Amino acid sequence: MAGVSASTCKVIDSHLHVWATPQQAKEEYPYFPGLEPTLPGDDDLLLQCMSEAGVDGALLVQPRNHMFDHSLVTSVLKKYPSKFIGCCLANPADDGSGIKQLEHLIVQEKFRAVRFNPTLWPSGQKMTNEVGRSLFSKAGELGAPVAIQTAEGIGPYIQEIEELCRDYPATTVILDHMAFCKPPMNDEEEKAFSSFLNLSRFPQVYVKFSALFRLTREAYPYEDTAQLLSRAISHYGASRIMWGR
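The sections below set out a description of the structure shown in this document. Residue numbering note: each chain is counted from 1, following its sequence as written. Per-residue local features of the predicted model are confined to residues with pLDDT of at least 70, and side-chain atom pairs are confined, for both listing and counting, to 80 or more; whole-chain, interface and lining totals are unaffected and use all residues. The basis for the side-chain values is all heavy atoms of the structure; hydrogens and waters are excluded.

1. Things to note about the pairing of strand E2 (residues 57-61)
Turning to step 1, where the next piece is worked out: Burial classes follow relative accessibility: with a 1.4 Å probe on protein chains only, a residue under 20% of its type's maximum area counts as buried, one over 50% as exposed, and anything between as partly exposed. Note on conventions: DSSP H or I runs of at least 4 residues are helices, E runs of at least 2 residues are strands, and numbering of each starts at the N terminus. With 5 of 5 residues buried, E2 is to be regarded as a mostly interior element.
Turning to step 2, where the next piece is worked out: Judged by which residues are buried, E2 turns out to be covered on both faces: Gly57, Leu59 and Val61 on one side and Ala58 and Leu60 on the other are all buried.
Turning to step 3, where the next piece is worked out: A pair of strands is labelled paired if DSSP reports no fewer than 2 bridges between them. Taken together, the 4 bridges between E2 and strand E3 (residues 84-89) define a ladder with parallel strand orientation. Residue Ala58 lies in a different strand from E3, and its bridge partner there is Phe84.
Turning to step 4, where the next piece is worked out: A crossover connection joins E2 to the parallel E3 through helix H3 (residues 71-79); in handedness this β-α-β unit is right-handed. Think of it like this: strands point away, you trace from the first strand over the helix to the second, and a clockwise trace means the crossover is right-handed.

Here is the structure:
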């Protein structure tokens with residue numbers, strides 16, 4: 001924009017993860033059984049990579065490696081308050097304990113958003129069950145956007161997302177990683193992508209253009225994802241699309 005120098009513009013990554021080193025996991029921040037990371041992802045490495053890439057700050061999304069134990073991410077947020085903000089992971093346990101945890105993390109620990117992963121709901125349950133609705137409603141009440149991870153594709157969850165958006169318009173929604181839509185290759189994939197684009201009719205829905213390696217059908221630099229971005233912008237507008245690693 002006119003009058004704004006490049007030096008005054010901050011580069012913010014809307015989607016990064018951090019997890020404990022093996023030593024930290026042994027001493028203080030254990031990994032969730034069966035989800036031990038195969039690559040390093042500690043805060044020192046993260047800060048180094050951000051510096052090299054010219055990234056000034058980031059949203060740290062609670063990783064599955066630590067599941068609902070947010071102590072590691074909480075410690076990083078407190079250690080670098082000017083560098084990171086946090087997105088917690090919704091716990092959809094039947095007993096409703098995740099609702100109280102959500103409120104604690106946002107109000108007391110200063111997390112700013114919450115992630116819904118539908119695969120973590122109890123078997124046979126949907127995000128629109130009583131607990132899911134309570135979590136979604138509480139997030140809106142606290143001013144925390146709900147980021148939805150549809151790693152299996154948006155198709156199986158489109159009706160649930162539409163229902164939540166319709167019933168709780170005060171809750172901001174973020175579709176992580178372009179709702180995991182790849183460049184459509186057939187009618188079924190085009191239908192799924194169209195359903196993703198049609199969610200733009202809800203003004204509270206935003207999109208993360210992130211994790212391109214999950215969206216592409218090509219090798220780096222993933223040029224085929226440009227068509228996805230172009231179509232998303234035509235529906236959502238540039239102001240409702242965020243960049244993430």
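2. A word on the packing of helix H4 (residues 97-107) against helix H5 (residues 130-141)
Turning to step 1, where the next piece is worked out: It is at 9 Å that the axes of H4 and H5 come closest, and there the two elements cross at 15 degrees. Relative to H5, the element H4 is oriented roughly parallel. The handedness of the crossing between H4 and H5 comes out as right-handed. Mapping the contact onto sequence places Gly98, Ile99, Leu102 and Glu103 in H4 and Ser134, Leu135, Lys138 and Ala139 in H5.
Turning to step 2, where the next piece is worked out: Considering only residue class, the contact of H4 with H5 consists of 4 nonpolar, 2 polar and 2 charged. Only the contacting stretch of a helix is used when fitting its axis, a line to C-alpha atoms as for every element, and angles between N-to-C directions run 0 to 180 degrees. Reported orientations rely on four angle classes, namely roughly parallel under 35 degrees, roughly antiparallel over 145, roughly perpendicular from 65 to 115, and oblique for the rest. Note on convention: the crossing is left-handed when the near helix lies turned anticlockwise from the far helix by less than a right angle, right-handed when the turn is clockwise. We call two residues in contact whenever any of their non-hydrogen atoms come within 4.5 Å of each other. Three classes are used, and their members are as follows: Ala, Val, Leu, Ile, Met, Phe, Trp, Tyr, Cys and Pro are nonpolar, Asp, Glu, Lys and Arg are charged, and the others, Gly among them, are polar.

3. Digging into the pairing of E3
Turning to step 1, where the next piece is worked out: Of all 6 residues in E3, 5 are buried; the element is thus mostly enclosed.
Turning to step 2, where the next piece is worked out: In this region the chain leaves E3, passes through H4 and returns to the parallel neighbour strand E4 (residues 111-116); the handedness of that crossover is right-handed.

4. Quick notes on the sheet that holds E4
What links the strands of a sheet is backbone hydrogen bonding, and the strands pair in either a parallel or an antiparallel sense.
Turning to step 1, where the next piece is worked out: The 8 strands are arranged E1-E2-E3-E4-E5-E6-E7-E8 in an open sheet whose pairing can be described as parallel. Among the strands making up the open sheet, the edge pair consists of strand E1 (12-16) and strand E8 (241-243). Put simply, the sheet's adjacent strands are angled 25 degrees from each other on average, direction ignored.
Turning to step 2, where the next piece is worked out: As defined by bridge partners, E3 adjoins E4 across 4 bridges and the pair is classed as parallel. Bridge assignment links Cys88 to a residue of E4, and that residue is Val114.

5. With respect to the environment of Thr225
Turning to step 1, where the next piece is worked out: Summarising the element assignment, Thr225 is placed in helix H9 (residues 225-236).
Turning to step 2, where the next piece is worked out: On the accessibility criterion, Thr225 (3% relative accessible area) is buried.
Turning to step 3, where the next piece is worked out: Separated by 104 residues in sequence, Thr225 and Trp121 have C-alpha atoms that sit 30 Å apart.
Turning to step 4, where the next piece is worked out: Among residues more than four places away in sequence, those in contact with Thr225 are Phe209, Leu212, Leu215 and Thr216.
Turning to step 5, where the next piece is worked out: Within 3.5 Å is the distance limit for a polar contact, defined as a pair of N or O atoms, with the added protein rule that one can donate a hydrogen and the other accept it, and that residues adjacent in sequence qualify only through two side-chain atoms. Here Tyr222 takes part through its backbone oxygen, which lies 2.7 Å from a polar atom of the side chain of Thr225.

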